[in-house]
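If you want the building blocks of each chain, they are given just below.
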Amino acid sequence: MKILHVAGSPRSRSRSRRLAKAFLDALGEEDVDTLDVWTATLPDLGGDTVESRYRLIHGLPVEMDHTRRWGEIRRVADHAMAHDLWLISTPMWNFGLPYRLKHWVDCIVHPGMTFTNDASGAVTGLAKGKTAVLVGAGALDFTDGVPEAVYDHQMRYLDLILRFIGMEDVHIVRAAPTFGPEETVAAAEAKAEAELRAIAETIRTRAGAPG
Ligand SMILES: Cc1cc2nc3c(=O)[nH]c(=O)nc-3n(C[C@H](O)[C@H](O)[C@H](O)COP(=O)(O)O)c2cc1C
């Protein structure tokens, strides 16, 4: 199993990254490719580059001038697609993702890279068969079921975009709230860690099961 950890927090004391590490420890896999979106070089998607994406949507090649830039973008998408398990850890920032993590998403979600579309607009995801484990930390608790869950553009968005590119096996773990009384925060983190350990166990068992 090839594992990619996309780390979305810039903090050295990141809670989401610590939990991601606990998941990897429980999984027992040492060969993990880590993409820290804060140190990685991600290609810009501006002006003409974005304009030529409309050519891709229509099944046309990008213009010569933009081939190099699209080559860089394709490398980021291909890198992700070369892995079977995507572990994405992230804080919630302003109800959504830190912009560098969103930048990574904008680099990988393109026609011919992570999905295809036909002339009518029907989309087929190319990431089918892969597994995602999402670890989201947030000061406030927006767990599904609470009225404030409508504010969640972090885990809900990641879940949606991964399903858009064809993933069906998406596990979501929230560590929240990370603000408030010490015992409450500690309990939220312990709960998230226990959930991650259980997911790791399921994946380990499945990987070891005869096909
Ligand atoms: C710029 C910024 C924006 C934030 N916005 C939110 C928010 O909208 N909702 C929330 O619950 N927490 C918000 N937080 C708090 C973080 O999500 C929280 O501290 C989280 O535990 C950090 O995770 P990390 O340690 O992995 O970076 C914000 C923090 C920062 C730095």
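Let me sum up the structure you'll find in this document. This is a predicted model, so every value here is computed, not measured. (Residues numbered from 1 in each chain as written. Predicted model: local features only at pLDDT ≥ 70, side-chain atom pairs only at ≥ 80, totals over all residues. Heavy atoms only, no water.)

As for helix α4 (residues 99-108)
Here's step 1: Of the positions making up α4, those classed as buried are Leu-101, His-103, Trp-104, Val-105, Cys-107 and Ile-108.
Here's step 2: Buried residues along α4 sit against β1 (3-7), β2 (32-36), α3 (67-81), β3 (85-91) and α5 (155-164). (Buried < 20%, exposed > 50% of the residue type's maximum accessible area, 1.4 Å probe, protein only. Helix = DSSP H or I, 4+ residues; strand = E, 2+ residues; numbered from the N terminus. Contact = heavy atoms within 4.5 Å.)

A look at helix α1 (residues 15-27)
Here's step 1: End to end, α1 covers 18 Å across 13 residues, agreeing with the expected 18 Å (1.5 Å per residue, within 8%).
Here's step 2: Buried residues of α1: Ser-16, Leu-19, Ala-20, Ala-22, Phe-23, Leu-24, Ala-26 and Leu-27, and no others.
Here's step 3: Buried residues belonging to α1 abut β1, β2, β3, β6 (131-137), β7 (169-175) and α6 (182-208).
Here's step 4: Of the residues trailing α1, Gly-28 is marked for its positive phi of about 75°. (Expected span 1.5 Å × (residues − 1).)

Brief notes about the environment of Ala-82
Here's step 1: When you line up the elements, Ala-82 lands in the loop between α3 and β3.
Here's step 2: What makes Ala-82 partly exposed here is its relative accessible area of 39%.
Here's step 3: Spatially, the C-alpha atoms of Ala-82 and Ile-3 are 9.0 Å apart, while their sequence positions differ by 79 residues.

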